[in-house]
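Here are the chains, one letter per residue:
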Amino acid sequence: MKITLKIWRQANKDAVGGMKTYQLDDVSEDMSFLEMLDVLNEHLTLANEEPVAFDYDCREGICGMCGVVINGAPHGRYNSPIPTTTCQLHMRCFKDGDVIEIEPWKTGSFPVVKDLVVDRSAFDRIIQAGGFISVNTGSAPEAHSVPAPKRQADRAFDVATCIGCGACVAACPNGSGMLFTSAKITHLANLPQGQPERRLRVKAMVAAHDENGFGGCQNVGECASVCPKLIPLESIGQLNRDLFASLLRGDGKAIAGS
Amino acid sequence: MASTTLSVHQKALRSNVVKKAIMAVTGLVLIGFLLMHMFGNLKIFIGQHAYNTYAGWLQSDLLYPLLPEGWFIWLFRIFLLVCLVLHIYCMIVLWGASLHGRGPRYVRTNRKEQTLSSKLMRWLGISLAALLLFHLSMFTIGWIQTGYVYDHSDPYTMFMGAFSQWWMVLIYALFVTVVCMHVRHGFWSAFTTLGANVGPGARNVLNGLAYFVAALLFVGFILPPLAVLLGMV
């Protein structure tokens, strides 16, 4: 396959970026998208040019490191018929002679580090605010001592599959991190272990979400449509219901925010 | 920064989700008002007496003698105005948060879910405010008089005069289109924000209801002026 690539190049966080065009003549349709970028970078290295920086780790769709906007949609959801991460997108989704535009996540909360690499530590700060349960470490308790209803446990597990890739924010016209935040809220709200801190958690995570510069949700639904893990839009409903209910309670009144 | 002294509870109370909830509740109140307004307009088909009597009842007799004569309409107007101001205030704050959250623009975007009305929501709202001012200055205040002489005791004649002019019907159709597009996304979004979207089934129901309410408002609002223009009333 012959492919024309238009890739966002940006030397560093403060540099002015722009699209640059490259030609690749030796692309196999069996290549993954990242392998195709590897081939490009080999060519660039041999030509003594700066390779394109992009993030990746596992390359099997479970770590959440990779993720770029391909032809205007995160993880190439415009081209891919199925929900996928960028690393699990394959070149067979494209045709010979295609022009492929690649951009980093562009949101106010994820600054570009270089080229296609962004800093998603804003997500970490939301998790730090409440995306955990407080238990003493040590020997694991007997699993059957805390019954978890099957239906709720399944819901919790479904949203616990969030890999924090940030595609939801990248796709959102408002740069909102609600789908990510609500995935963690829904995960822990559906398990007995999550109950003691449930009200404080939702307040703290919503506060951290806004403090980290994410926008408000407009219920457009772009986030869920590009999510590689199919986190459903109704997770945001769970977050909202939990927040409204918790606001009637005193949790977090005595705790000063960071 | 002053925000460092706020408790977690206070921060959550000032969050975007709460502002969205305020927009949702006030928006639903305004949709309720629109449905009532639309129903009242249809009385034009019964005749001048029915229409003017209804208008007179709204302006002076509603809730009388519980409230002194003519009080209800002003209490109601103040209530609607408060809703409108809250709705617009939260919209401005959330728009600012969105501009910051969205960050730099993409060279290319391909949206999968975004509808035209959700994309234009804020611009529809701004157009709506401008057209509402025009609407109020015609029929409520009387600053603009075209095709009739302002007389608040005879809204039937004002209605007939105004909408005997084809271009007024055209402006009105534009107004109603903007209203219905705003309501279409707003209805779904309001209920979703308030937590009613509990699954794919609920999503379909809420979206279906949103289309139904928007279509109902469009038909109900456009029929009377259209009938006047075509000489059917």
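Residues numbered from 1 in each chain as written. Chains lettered and ligands numbered in written order. Predicted model: local features only at pLDDT ≥ 70, side-chain atom pairs only at ≥ 80, totals over all residues. Heavy atoms only, no water.

Caption draft 1: Region of the structure containing the domain arrangement of chain A. All names here are of chain A. Under the domain assignment used here, chain A contains domain 1 (3-113) and domain 2 (120-134 + 147-247). Put simply, the middle of domain 1 and the middle of domain 2, counted by C-alpha atoms, are 27 Å apart. Counting residues at the interface gives 17 residues for domain 1, matched by 20 residues for domain 2. Interface of domain 1 and domain 2: buried area, both sides summed, is about 1,400 Å²; carbon and sulfur atoms make up 64% of it. In this structure, the connection of domain 1 to domain 2 is made through zero salt bridges. Across the domain 1-domain 2 interface, the total number found is seven residue pairs in polar contact (both at pLDDT 80 or more). Looking at the side of domain 1 that touches domain 2, its residues break down into eight nonpolar, seven polar and two charged. (Domains from an automatic or database assignment. Contact = heavy atoms within 4.5 Å. Buried area = accessible area lost by both parts, 1.4 Å probe. Salt bridge = Lys/Arg side-chain N within 4 Å of Asp/Glu carboxyl O. Polar contact = N/O pair within 3.5 Å; in protein donor to acceptor, adjacent residues only side chain to side chain. Nonpolar A, V, L, I, M, F, W, Y, C, P; charged D, E, K, R; others polar.)

Caption draft 2: Highlighting the packing of aromatic side chains. Within this structure, the stated rule accounts for 18 aromatic pairs over all chains. Between Tyr 51 of chain B and Tyr 156 of chain B, the ring centres sit 6.2 Å apart and the planes meet at 65°, which makes this aromatic pair edge-to-face. Placement of Tyr 51 of chain B in helix 3 (residues 48-61) and of Tyr 156 of chain B in helix 7 (residues 155-162) is noted, with a sequence separation of 105 residues between them. Judged by its relative accessible area of 12%, Tyr 156 of chain B is buried. Each residue in the set Tyr 51, Phe 139, Tyr 148, Tyr 156, Phe 159, Phe 163, Tyr 172 and Phe 175 of chain B is aromatic and connected to the rest through ring pairs, giving one cluster. Lying across the ring of Tyr 56 of chain A, Arg 59 of chain A places its NZ or CZ 4.0 Å from the centre. Lying across the ring of Trp 8 of chain A, Lys 106 of chain A places its NZ or CZ 3.3 Å from the centre. (Phe/Tyr/Trp six-rings, centres within 6.5 Å; stacked < 30°, edge-to-face > 60°. Helix = DSSP H or I, 4+ residues; strand = E, 2+ residues; numbered from the N terminus. Buried < 20%, exposed > 50% of the residue type's maximum accessible area, 1.4 Å probe, protein only. Lys NZ or Arg CZ within 6 Å of the ring centre and 35° of its normal.)

Caption draft 3: How the structure looks around the nonpolar core. Grouped together as the largest cluster of nonpolar side chains are 77 residues, with contacts concentrated most on Phe 110, Phe 123, Leu 179 and Leu 243 of chain A together with Phe 163 and Leu 217 of chain B. Of the residues forming this core, the biggest block, 11 residues, is contributed by helix 8 (residues 166-193) of chain B. Looking at this core, you find at least three residues from each of domain 1 (3-113) and domain 2 (120-134 + 147-247) of chain A. When neighbours within four sequence positions are excluded, Phe 163 of chain B is seen to be in contact with Phe 139, Met 168, Val 169, Tyr 172, Pro 225, Val 228 and Leu 229 of chain B. Val 52, Cys 66, Ile 70 and Met 91 of chain A belong to the second largest nonpolar core, which has 27 residues in total. (Core = buried A, V, L, I, M, F, W, Y, C linked by side-chain atoms within 4.5 Å.)

Caption draft 4: Broad picture of the environment of Pro 83 of chain A. All names here are of chain A. Tracing the backbone shows Pro 83 in the loop between strand 4 (73-74) and strand 5 (99-103). In the structure, Pro 83 is positioned 118 residues away from Arg 201 in sequence and 29 Å away in space, judged by C-alpha atoms. Those residues within four positions of Pro 83 in sequence are excluded, and the remaining contacts are Arg 77, Cys 227, Pro 228 and Leu 230.

Caption draft 5: Broad picture of the pattern of salt bridges. All names here are of chain A. As enumerated under the stated definition, the model contains 12 salt bridges over all chains in all. Linking Asp 98 and Lys 95 is a salt bridge whose minimum nitrogen-to-oxygen distance equals 3.9 Å. For Asp 98, a relative accessible area of 17% puts it in the buried group. When its relative accessible area of 58% is taken as the criterion, Lys 95 is described as exposed. The salt bridge partner of Lys 150 is Asp 154, with a shortest N-O separation of 3.2 Å. Of the two residues, Lys 150 and Asp 154 are both situated in helix 3 (residues 150-160); the distance of four residues between them amounts to about one turn of the helix. Taking the relative accessible area as the measure of exposure, Asp 154 reaches 35% and is therefore partly exposed.

Caption draft 6: Broad picture of helix 8 of chain B. Residue and element names in this part refer to chain B. Over its 28 residues, helix 8 extends 40 Å from the first C-alpha to the last, a length consistent with the 40 Å expected when each residue adds 1.5 Å. The sharpest bend along helix 8 measures roughly 25° and falls at Gly 186. After helix 8 finishes, the residue Gly 195 shows a positive phi value of roughly 95°. (Expected span 1.5 Å × (residues − 1). Bend = angle between axes of the 7 residues up to and from the residue.)

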